[in-house]
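Here is how the chains run, residue by residue.
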Amino acid sequence: MIEDMKSRRSLLIGSATTLSVAGLGVVLGSAALPTAARAATGNAAQDIQLLNAALGLEHEGIAAYQLGAESKLLKPEVLKVAVTFQSHHKQHRDDLIAAINKLGGKPVVAKSEADYAKELNASSLKSQADVLHLALKLEKGATNAYLGVIPSLGNPDLYLFAARVASDESFHAAFLGSALGEPIPEKAPMFG
Amino acid sequence: MKTIGNSLWLALPVAAAALAFGVAAAPLPPAPSAHPPASPPPANASRGAEVYEAKCGACHSLDANRIGPKHRGVFGRKAGSVPDFHYTPELKKSGIVWTAQNLDKWLQGPVKMVPGTAMGFQLRDAQERADVIAYLKQQSGK
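Attention here is on the structure that accompanies the text. Remember, it's a predicted structure, so these values are computed and weren't measured experimentally.

For chain B, the count of helices and strands is 6 helices and 0 strands. Taken over 142 residues, chain B has a buried fraction of 40%. For chain B, the computed accessible surface area is about 8200 Å², with 62% contributed by carbon and sulfur atoms.

Shown next, in the form of structure tokens:
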């Protein structure tokens, strides 16, 4: 039940302009989509809402890694990985902002770090493992979130975008799970 | 590792040949039905807790508003009514009350149920929906 950052964060959706699919494909780096997939266009206003929810997710992910990095709980080699993963989320954030702008919407802005710390119960993080468990939970959830939103998206270019981001999140989850010594899941598919 | 690697390289051409001749090593699962079952399967709140964390937890918590509103007490609540969370006008004016039936419909297709909502995530597995709804009901003290 993701609900609205629209009023809270002054989301001003522009007119429900339908962006050309090819144009959005360029924004999202998916110019290689099949011609057939380019034929349909979606409801831009609805897609803006869903992309903004995803953007909220990325803002939170970036903040979570920031909280971990500033916690002084991470060993240097782990901190390096966390910063790299955070940079991936920043790339996702920037791609989402570009796509929302291209569709005529207004991207939601991040909350304060204090807000995220409260929402994520950062005060409960007492060890490196605690930080990694939080990151793992968020990465697993984000993978499922991106996969689960695909059927609701109107613009076919966004299907591929969401799948690509979900793949990044699942890579992060696999790495974190391995670092924490979690067993390999026995059943597939693991997500979605 | 060498043994595993050799086995894999041997197995792949065999599998490919089997597929090429239409002899699948294991039957494929049936395609998902376009029609959901008439009545939801027996629900399990414990399983629902796991599904909730894995599939809802990216955006939701029981006691904190995050990407989406907090969920404790959602069962039986009117949609769009958490005081400190800002909703889309579309959901706020929907008049929906979160019963098991409405939650099931919502989780199958939120955008279809309330066009304009910010939630697009679909939980397509009927068993998972039933389990999550049971968990939310339990956590709502119902």
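Contacts between chain B and chain A engage 34 residues on the former and 30 residues on the latter. Across the chain B to chain A interface the summed buried area is about 2800 Å²; carbon plus sulfur atoms make up 58%. By the criterion of area lost to chain A, the three top residues of chain B are Arg66, Ile67 and Ala118 of chain B, representing 23% of everything that side buries. Residue assignment for the side of chain B that touches chain A shows that the elements contributing at least two residues are helix H2 (45-56), helix H3 (89-92) and helix H4 (100-108) of chain B. Within the side of chain B that touches chain A, the residues separate by chemical class into 19 nonpolar, 10 polar and 5 charged.

Next up on the list: the nonpolar core. Among the nonpolar cores identified, the biggest contains 27 residues, and Leu51, Leu57, Leu96, Tyr146 and Leu153 of chain A are the most heavily contacted of them. Contributions of two or more residues to this core are made by helix H2 (44-69), helix H3 (76-103), helix H5 (128-149) and helix H6 (156-179) of chain A. At 7 residues, H2 of chain A tops the list of elements feeding residues into this core. Counting residues in each nonpolar core, the second largest holds 25 residues, with Ala79, Tyr87, Leu91 and Trp106 of chain B among its members.

Next up on the list: the packing of aromatic side chains. Per the stated rule, a full pass over the model turns up 6 aromatic pairs over all chains. Judged by centre distance (5.3 Å) and plane angle (50°), the rings of tyrosine 52 of chain B and tyrosine 135 of chain B are tilted. Here tyrosine 135 of chain B lies in helix H6 (residues 126-139) and tyrosine 52 of chain B lies in helix H2, a separation of 83 residues in the sequence. Considered together, tyrosine 52 of chain B and tyrosine 135 of chain B belong to a single accessibility category, that of buried residues. Members of the aromatic cluster, connected to one another through ring pairs, are Tyr65, Phe85, Phe171 and Phe175 of chain A.

Relative placement of two packed helices is described by the angle separating their axes and the distance separating the axes. All names here are of chain A. Remark: H2 packs on H6, axes separated minimally by 13 Å, with the N-to-C direction vectors making an angle of 20°. Overall, the two elements H2 and H6 adopt an arrangement that is roughly parallel. For the pair H2 and H6, the sense of crossing is left-handed. Contacts between H2 and H6 pair Asp47, Leu51, Glu58 and Tyr65 from the former with Leu158, Val165, Glu169 and Leu176 from the latter. Per-class residue counts for the contact of H2 with H6 are 5 nonpolar, no polar and 3 charged.

Another point: the layout of surface pockets. A volume near 1300 Å³ is recorded for the largest pocket. Lining the largest pocket are 37 residues, with Pro185, Pro189, Met190 and Phe191 of chain A together with Ala54 of chain B positioned closest to its centre. It is H5 of chain A that contributes the most residues to the lining of the largest pocket, 8 residues altogether. Grouping the constituent residues of the lining of the largest pocket by class yields 16 nonpolar, 9 polar and 12 charged.

Turning to H3 of chain A, a few remarks are in order. All names here are of chain A. Helix length check: H3, at 28 residues, gives a terminal C-alpha distance of 41 Å against a target of 40 Å (1.5 Å per residue), a fit within 8%. If you check which residues of H3 are buried, you get Val78, Ala82, Phe85, Gln86, His89, His92, Leu96, Ala99, Ile100 and Leu103. Just downstream of H3, glycine 104 is the residue with a positive phi angle, here 95°.

A separate point is the environment of proline 89 of chain B. All names here are of chain B. Its location among the elements puts proline 89 in helix H3. Note on proline 89: relative accessible area 41%, which makes it partly exposed. The spacing of proline 89 and glycine 116 is 27 residues in sequence and 8.3 Å in space, taken between C-alpha atoms.

So, on to the pattern of salt bridges. Applying the stated criterion to the full structure yields 9 salt bridges over all chains. We note a salt bridge from lysine 111 of chain A to glutamate 119 of chain A, for which the minimum N-O separation is 2.8 Å. Looking at lysine 111 of chain A, the relative accessible area reads 18%, which means it is buried. Note that aspartate 131 of chain B is salt-bridged to arginine 47 of chain B, the shortest N-O span being 2.7 Å. One end of the pair, aspartate 131 of chain B, is in helix H6; the other, arginine 47 of chain B, is in helix H2, with 84 residues separating them in the sequence. By relative accessible area, which is 2% here, aspartate 131 of chain B ends up buried. Residue arginine 47 of chain B is classed as partly exposed on the basis of its relative accessible area, which comes to 37%.

Calculation criteria
Residues numbered from 1 in each chain as written. Chains lettered and ligands numbered in written order. Predicted model: local features only at pLDDT ≥ 70, side-chain atom pairs only at ≥ 80, totals over all residues. Heavy atoms only, no water. Helix = DSSP H or I, 4+ residues; strand = E, 2+ residues; numbered from the N terminus. Buried < 20%, exposed > 50% of the residue type's maximum accessible area, 1.4 Å probe, protein only. Areas by Shrake-Rupley, 256 points an atom, 1.4 Å probe, with all protein chains shown as cover. Contact = heavy atoms within 4.5 Å. Buried area = accessible area lost by both parts, 1.4 Å probe. Nonpolar A, V, L, I, M, F, W, Y, C, P; charged D, E, K, R; others polar. Core = buried A, V, L, I, M, F, W, Y, C linked by side-chain atoms within 4.5 Å. Phe/Tyr/Trp six-rings, centres within 6.5 Å; stacked < 30°, edge-to-face > 60°. Axes fitted to C-alpha atoms, helices over the stretch in contact; angles between N-to-C directions. Parallel < 35°, antiparallel > 145°, perpendicular 65-115°, else oblique. Left-handed = near helix turned anticlockwise from the far one by under 90°. 1 Å grid on protein atoms, 1.4 Å probe; cavity = no way out; pocket = protein on both sides within 12 Å on 5 of 7 lines; lining within 4 Å. Points joined across faces, edges and corners; volume = space filled by probe spheres on them. Expected span 1.5 Å × (residues − 1). Salt bridge = Lys/Arg side-chain N within 4 Å of Asp/Glu carboxyl O.

Note that all results are geometric; they support no functional claim without further evidence.
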